[in-house]
Amino acid sequence: MLQQKNPDRLRIAIQKSGRLTEKSLTFLSKAGLDFASSKDKLFLYGKNMPVDLLLVRDDDIPEFLREGICDLGFVGDNVLQEHTLLPHLKQDKEEYPRIFGLGYGHCRLSIAAPVEMDYQGPQSLEGTTIATSYPGLLQDFLDKNKVDAKITFLSGSVEIAPRLGTAQSICDLVSTGTTLAANQLKEVEVLMHSEAALYAGPRELSSAAAEVKNRLLTRLHAIMMVDESKYVMFHAPKNKLEAIRKILPSAEAPTILPLDGSNELVAVHTLCRENVFWEHLEQLKEAGASSILVLPVEKMLV
Ligand code: PRT
Ligand code: ZN
């Protein structure tokens, strides 16, 4: 039995032990949160902010959001969307506002078939059996493509079903494709792309908890921007500034400073909201920039 939630504290569900756990914890600690563990390891209690973490299986997070057992959840889009396709919840998609994607846990839900299968499109699945842990999303795809196929549910090791003869193809998560290749399977349809995302529950929060939520979301959003952002400094000829500015991705209006002893060159400082790669630096140099420095941004509040 979960203990009664204190309405003035924010409760966030994250995966207890799995692919998303470490990154979710890192994210929250970057936001300045410090936690103490409960004896049963079900909770991490916020020591410096009224925010507690509930450590659970990722599949349970959507239901906990729905019931108000937690206020926010770090969960894969795949898990959340599968949940909303459960027969009794199909109508309630709007119950789980997606606040933003978190930039990790990227994968896709795909149909994969044996490499030797002559796959001509969704119709090739007609009358076959497909093994999956995502029956809702798969049925949705089959319905949209007017394909009549049998779905067999497996909670894990889906990729071995064709070799065992229990299904002709599978529908499973793919990230690198190594698992499919190791099982002589090829990806034939991508049903959805997914990443870990921050979702809210449908319940209204107390004003104290809502205030904590807003503060936390501002910090989390800033962290996401910081992870991608770079501070770029370089020297540039005044007459090439216009062309140079176009090279950098999502650059803000730059600060232009005079350079002591030079009439032609200026120093340019700018914040780029996307990662800056070697290709960008090479293009900058070609366009006339020199002494180029790219610095990571540690904190940002806009
Ligand atoms: O115990 P719990 O239920 O919490 O964990 P879980 O076993 O259900 O989930 P877990 O930890 O495996 O994954 C959590 C989430 O990570 C998923 O819901 C996705 O949102 C995300 N994610 C990202 C992935 C993958 N990439 C992934 N590659 N989840 C699973 N896989 C599996 C996939 O099922 C297949 O078996 O990895 C294999 C394929 O990987 P590649 O790299 O060989 O293509
Ligand atoms: Zn799971």
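Whatever comes next refers back to the structure up there.
Residues numbered from 1 in each chain as written. Chains lettered and ligands numbered in written order. Predicted model: local features only at pLDDT ≥ 70, side-chain atom pairs only at ≥ 80, totals over all residues. Heavy atoms only, no water.

1. What about the coordination of the zinc ion (ligand 2)?
- At this site the zinc ion (ligand 2) is bound by Asp58 (OD) and Asp59 (OD), with donor distances of 2.0 to 2.1 Å.
- With four donor atoms in place around the zinc ion (ligand 2) and angles of 74 to 169 degrees between them, the coordination shape is irregular. (Donors = N, O, S within 2.8 Å, 3.2 Å for Na, K, Ca; no water. Tetrahedral: all angles 85-135°; square planar, octahedral: opposite > 155°, others 65-115°.)

2. Focus: the packing of helix α1 (residues 21–30) against helix α7 (residues 207–228)
- One way to put it is that α1 packs onto α7 with a least axis distance of 9 Å and a crossing angle of 105 degrees. Relative to α7, α1 is oriented roughly perpendicular. Contact residues: Phe27, Leu28 and Lys30 in α1; Leu220, Ile223, Met224 and Asp227 in α7.
- For the contact of α1 with α7, a count of residues per class yields five nonpolar, no polar and two charged. (Axes fitted to C-alpha atoms, helices over the stretch in contact; angles between N-to-C directions. Helix = DSSP H or I, 4+ residues; strand = E, 2+ residues; numbered from the N terminus. Parallel < 35°, antiparallel > 145°, perpendicular 65-115°, else oblique. Contact = heavy atoms within 4.5 Å. Nonpolar A, V, L, I, M, F, W, Y, C, P; charged D, E, K, R; others polar.)

3. Focus: helix α9 (residues 278–286)
- Along α9, the positions that sit buried rather than exposed are His280, Leu281 and Leu284. Projected down its long axis, α9 shows its buried positions confined to an angular sector of 100 degrees, all on one face. Of the residues in α9, the exposed ones pointing more than 90 degrees away from the buried face are Trp278, Lys285 and Glu286.
- Elements in contact with the buried residues of α9: β13 (230–237), α8 (241–245) and β16 (290–296). (Buried < 20%, exposed > 50% of the residue type's maximum accessible area, 1.4 Å probe, protein only. Arc of directions from axis to C-beta.)

4. Brief notes about the environment of Leu55
- Mapping Leu55 onto the fold places it in strand β4 (residues 51–56).
- When residues no more than four places from it in sequence are discounted, the contact partners of Leu55 are Ile14, Lys16, Lys41, Leu42 and Leu44.

5. Quick notes on the environment of Ser157
- Mapped onto the secondary structure, Ser157 falls in the loop between β9 (150–153) and α5 (161–164).
- Overall, the relative accessible area of 45% leaves Ser157 in the partly exposed class.

6. A word on the pairing of strand β3 (residues 43–46)
- Pairing between strand β2 (residues 35–37) and β3: three bridges, direction antiparallel. By the bridge assignment, Ala36 is partnered in β3 with Tyr45.
- The turn joining β2 and β3, which pair antiparallel and follow one another in sequence, is formed by five residues; a positive phi near 65 degrees is taken by Lys41.
- In this structure, β3 lies alongside β4, joined through three bridges in antiparallel fashion. Residue Leu44 lies in a different strand from β4, and its bridge partner there is Leu53.
- Here β3 folds back onto β4, and the loop between the two strands holds four residues. (Pairing = 2+ DSSP bridges.)

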